[in-house]
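Here is how the chains run, residue by residue.
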Amino acid sequence: MIEAVLTGAVAGGTSIVFAGLGELTCERAGVINLGTEGSMLCGALAAYVVGINTGSPWLGVLAGIAAGALLASVHAVMVLHRHANQIAVGLVVTFLGTGLTSLFGQDYVGKGVQPLESWAIPGLSKLPFLGTVLFDHDPLTYLSFVAVPLVAWGLWRTRAGLILRSAGEGPEVLEIYGTSARKVRWIALLVGGGLAGLGGAQLSTAATLNWSEGMTVGRGFVAVALVIFAGWHPLKLAGGAYLFSGAIALQLQLQARGWEISRYLLESLPYVTVLVVLALLSNRRIHGGPAALEKVFEG
Amino acid sequence: MSRTIRALAIVLGLTMLVAGCGSSSGDSASSSASSDGKFTVGFIYVGPKDDFGYNQAAYEASVAMEKAVPGVKVLQAENVPETAESEATMQNMIDKGAKVIFATSYGHYEFAKNMAEKNPGVTFVHQGGLKGDTKLDNLGTYFGTVYEPVYLAGIAAGSVTKSDKLGYVYAFPIPQTLANINAFTLGAQSVKPGIKVITIATGSWCDPSVQSQSVKTLLDQDVDVITQHQDCTKTIIEATEAAGAYSIGYHADASSLAPKGWVTGSEWNWTPLYTDIVKTVKDGTFKGSKYDGDFRVGLQTGDNPFVQSKYGSMVTDDTKALIEKAKKSFEDGGSPFAGPVEDQDGKVIYAKGKQPTYAEVETMKFFVKGVVGKIG
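Residues numbered from 1 in each chain as written. Chains lettered and ligands numbered in written order. Predicted model: local features only at pLDDT ≥ 70, side-chain atom pairs only at ≥ 80, totals over all residues. Heavy atoms only, no water.

### Brief notes about the overall build of chain B
Regarding its fold elements, chain B presents eleven helices and 15 strands. If one aligns the C-alpha atoms of chain B with their principal axes, the spans along those axes are about 65 × 60 × 40 Å. Split into buried and exposed, the 376 residues of chain B put 57% on the buried side. Once local pairs closer than 6 in sequence are excluded, the contacts in chain B between residues at least 24 apart make up 68%. Accessible surface, chain B: about 14,900 Å² in total, of which carbon and sulfur atoms supply 55%. Across chain B, 35 positive and 41 negative side-chain charges occur, with their mean positions spaced 1 Å apart. (Helix = DSSP H or I, 4+ residues; strand = E, 2+ residues; numbered from the N terminus. Buried < 20%, exposed > 50% of the residue type's maximum accessible area, 1.4 Å probe, protein only. Contact = heavy atoms within 4.5 Å. Areas by Shrake-Rupley, 256 points an atom, 1.4 Å probe, with all protein chains shown as cover. Lys, Arg positive; Asp, Glu negative; His and termini not counted. Charge placed at Lys NZ, Arg CZ, Asp CG, Glu CD.)

### Considerations on the packing of helix 5 (residues 147–160) of chain B against helix 6 (residues 175–191) of chain B
Residues and elements named next belong to chain B. Where helix 5 contacts helix 6, the axes come no closer than 7 Å and their chain directions differ by 40 degrees. Taken together, the axis directions place helix 5 and helix 6 in an arrangement best described as oblique. As helix 5 packs across helix 6, the resulting crossing turns out to be right-handed. Along the contact surface, helix 5 presents Tyr147, Val150, Tyr151, Ala153, Gly154, Ile155, Ala157, Gly158 and Ser159, while helix 6 presents Ala179, Asn180, Ala183, Phe184, Leu186, Gly187, Ala188, Ser190 and Val191. Each residue belonging to the contact of helix 5 with helix 6 can be placed in one class, and the counts come to twelve nonpolar, six polar and no charged. (Axes fitted to C-alpha atoms, helices over the stretch in contact; angles between N-to-C directions. Parallel < 35°, antiparallel > 145°, perpendicular 65-115°, else oblique. Left-handed = near helix turned anticlockwise from the far one by under 90°. Nonpolar A, V, L, I, M, F, W, Y, C, P; charged D, E, K, R; others polar.)

### Regarding a nonpolar patch on the surface
Residues and elements named next belong to chain A. Together, Ile2, Leu6, Leu124, Leu127, Phe129 and Leu130 give the surface a local cluster of nonpolar side chains, amounting to about 510 Å² of exposed area. Relative to the assigned elements, Ile2 resides in helix 1 (residues 2–28). Residue Ile2 is classed as exposed on the basis of its relative accessible area of 62%. (Patch = residues over 30% accessible without salt bridge, like charges linked within 9 Å, V, L, I, M, F, W, Y side chains within 5 Å. Salt bridge = Lys/Arg side-chain N within 4 Å of Asp/Glu carboxyl O.)

### Observations concerning unusual backbone geometry
Outside of glycine, negative phi angles account for most residues, and trans bonds account for most peptide bonds. All names here are of chain B. The linkage connecting Gly339 with the following residue, Pro340, adopts the cis geometry, with an omega of 5 degrees. Looking at the secondary structure, you find Pro340 in the loop between helix 10 (317–331) and strand 13 (341–342). The phi angle at His251 is positive, at roughly 80 degrees, despite the residue not being glycine. Mapped onto the fold, His251 is located in strand 9 (residues 246–251).

### Side note on the pairing of strand 5 (residues 139–144) of chain B
Residue and element names in this part refer to chain B. Taken across its six residues, strand 5 has six buried, putting it largely inside the fold. Every second residue of strand 5 is oriented toward a common face, with Leu139, Thr141 and Phe143 on one face and Gly140, Tyr142 and Gly144 on the other, all of them buried. Sheet topology places strand 4 (residues 123–127) next to strand 5; four bridges connect them, and they run parallel. Counted as the bridge partner of Phe124 is Leu139 from strand 5. Here four bridges tie strand 5 to strand 11 (residues 294–297), and the two strands are oriented parallel to one another. In the sheet register, Thr141 faces strand 11, and the bridge partner there is Asp294. (Pairing = 2+ DSSP bridges.)

### Considering the pattern of salt bridges
Proximity of charged atoms lets side chains of opposite charge pair with each other. All names here are of chain B. Inspection of the entire model under this criterion finds twelve salt bridges over all chains. With a shortest N-O distance of 3.3 Å, Asp164 and Lys192 are connected by a salt bridge. Here Lys192 lies in the loop between helix 6 and strand 7 (196–201) and Asp164 lies in the loop between helix 5 and strand 6 (165–170), a separation of 28 residues in the sequence. Residue classification places Lys192 among the partly exposed positions, given a relative accessible area of 26%. Between Lys354 and Glu360 there is a salt bridge, with its nearest N and O atoms 3.6 Å apart.

### Some words on the pairing of strand 2 (residues 72–77) of chain B
Residue and element names in this part refer to chain B. Burial analysis of strand 2 places six of its six residues in the buried class, which makes it a mostly covered element. What you see with strand 2 is no split at all: Val72, Val74 and Gln76 on one side and Lys73, Leu75 and Ala77 on the other are buried throughout. Note: strand 1 (residues 39–44) against strand 2, six bridges, orientation parallel. Note on strand 2: the bridge partner recorded for Ile44 is Ala77.

### Considerations on the side chain of Ser86(B)
All names here are of chain B. By secondary structure assignment, the location of Ser86 is in helix 3 (residues 85–95). Among the residues examined, Ser86 registers a relative accessible area of 0% and is labelled buried. Within the structure, Ser86 has its side chain in polar contact with the backbone oxygen of Thr83 (distance 2.7 Å). Discounting residues that sit within four places of it in the chain, Ser86 has contacts with Ile44, Val80, Pro81, His108 and Phe111. (Polar contact = N/O pair within 3.5 Å; in protein donor to acceptor, adjacent residues only side chain to side chain.)

### Some words on empty space enclosed by the protein
Taken as a whole and judged by the stated rule, the model has four cavities of 30 Å³ or more. If you add up the space inside the largest cavity, you get close to 80 Å³. Along its surface, the largest cavity is lined by Leu254(A), Gln255(A), Gly258(A), Trp259(A), Glu260(A), Ile261(A), Arg263(A), Leu266(A), Thr199(B), Gly373(B) and Lys374(B). At the level of secondary structure, the elements contributing two or more residues to the lining of the largest cavity comprise helix 11 (234–256) and helix 12 (263–281) of chain A. (1 Å grid on protein atoms, 1.4 Å probe; cavity = no way out; pocket = protein on both sides within 12 Å on 5 of 7 lines; lining within 4 Å. Points joined across faces, edges and corners; volume = space filled by probe spheres on them.)

### Examining helix 6 of chain B
Residues three or four positions apart in an α-helix share a direction because the helix packs 3.6 residues into each turn. Look at helix 6 of chain B: 25 Å from first C-alpha to last across 17 residues, which is about the 24 Å you get at 1.5 Å a residue. Judged by how many residues are buried, helix 6 of chain B sits mostly within the fold: 13 of 17 residues are covered. (Expected span 1.5 Å × (residues − 1).)

### As for the packing of aromatic side chains
Residue and element names in this part refer to chain B. For the coordinates displayed, the defined rule picks out 25 aromatic pairs over all chains. An angle of 10 degrees between the planes, with centres 4.4 Å apart, marks the rings of Phe43 and Phe102 as stacked. With a gap of 59 residues between them, Phe43 in strand 1 and Phe102 in strand 3 (residues 98–103) connect regions that are remote in the sequence. In terms of burial, Phe43 and Phe102 fall into one category: buried. An angle of 85 degrees between the planes, with centres 6.1 Å apart, marks the rings of Tyr142 and Tyr274 as edge-to-face. Taken as a pair, Tyr142 in strand 5 and Tyr274 in helix 9 (residues 271–282) lie far apart in primary sequence, 132 residues in all. For the residue pair Tyr142 and Tyr274, the accessibility class agrees, reading buried in each case. (Phe/Tyr/Trp six-rings, centres within 6.5 Å; stacked < 30°, edge-to-face > 60°.)

This is how it looks when you write it as structure tokens:
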């Protein structure tokens, strides 16, 4: 059962990991993007539609990234140029994404897509226990394994990462050194939206092979919450995402095994687990957030 | 300042765009007034008319009814929320001349009832609600006995399973889902009494990611036949097929998604009932007809709107004969829940020789023996 739960944690966590990395990128640059849920939906639909029409799930994935980024650019325009309230705009952008995808997705409900097949890594997938848990997934899941440390490395070990974090900590300072904070935030939002779109694409073309209205069911918002609880750190974020989806996998297992536990308790398990564990981990007050996060920057 | 105003305008514009996309309700009710002398009938749906499920089935039947009854024109409104907003949509239809309104979602009932009080000249029929003692001549409810074909599908499932473990993915424990799960279990146990039905509640009518994990989880438990009570059905059927297990469908014929593992299923066919209701109102004989109360149609009254889907090739003639026999017994007044029926703890719920009424089934709140799962 532990093996099944952990496998489910990884399989179900991938989309949240991508969306979370996207949100983390935006927030590290100083912008909260509650449009992540919308970007995920756009990514899921675009990947599905392009996958069906071209027969190539990989082109679908690219389209998903582009669609996620495109929706995030609405947020960028409103927040970076019109200086609108980030929270309000983010919510509106998510509603926009939900509305647009249910409108344009109508014709694709129930249509079949060429799946992004699971690929068991030769050798590694034969390892006892770890083989099934880690090395028998779809290619995007492997990509997420690489993406998490890559984002961490990029943020703290590269010049680009330094600039991005500066945009989130002290945009005025960045401006003094001749770099436009707005430009950096634009890039962060596009990358962030693209990653959320990628997460959505994984849901539709690899995990479920399905498009249906609102199919992300709040995973984008879960990603936003996880970023904050994880103290804006990619590794902790991934841990949180796997914890969340592991708790879902666990409650499904417990149901199927006929455990006499209240269903309501089981269903709240993912949320409760994440809250409790992260609260315990951060014995310090949750801080360490980018200093300029959410501040309106009049650049 | 002007910046702020412009920004506000854009947000407002976006919001309106969203609102426009989010609910294409009310105003999308199609075209002109009743002046063309046709008998106008309005249909409201809670979801999109192409959901491969409940709403699509009702929509398709409304179109078929329009063709079947001469001189009828149909107004359609999809994505009508189960709130007071639905009253505005119905009023809009009445303004356009509607004489009958079909409110097709469970949660539309209260609003249809309000509208019936305000519009004595218009007939309101509601799909799935219970009118009880409400004294309104222009209001009726109707529904099929969904659990009858589900019981029959249970017989097929019980015949093809080798592990004697069946899987049931459903949304929430409400009377309709419980009745279906129980009927399915009893049907399967009529073939092999020791069969277990393992249930998973997903907590959502459509969460494909959880659905696909639920299928894997059930397969881990050695389940080899999977059925469901969900709004979007495709992910579960495809995942089941990919694993080489058997599928029992729900809502619609999805045999094309599971060419190897499709056993059978249950699907909607509302056309005969809609047609008859509209004809009755059109003839001015609704009051006092069987439709002005709580009309429930089962196999014994004929034309159950919930019918059996086609069989897969693995279903043997012996099994089909068993199913025909059970079907015959329902047509003769029997019930899938004819006693003795015990709950999970072995407590007798329906004693030998007793069978529940429609109202009792529609308020069911227990799992029968052999179901793995917990309600509360």
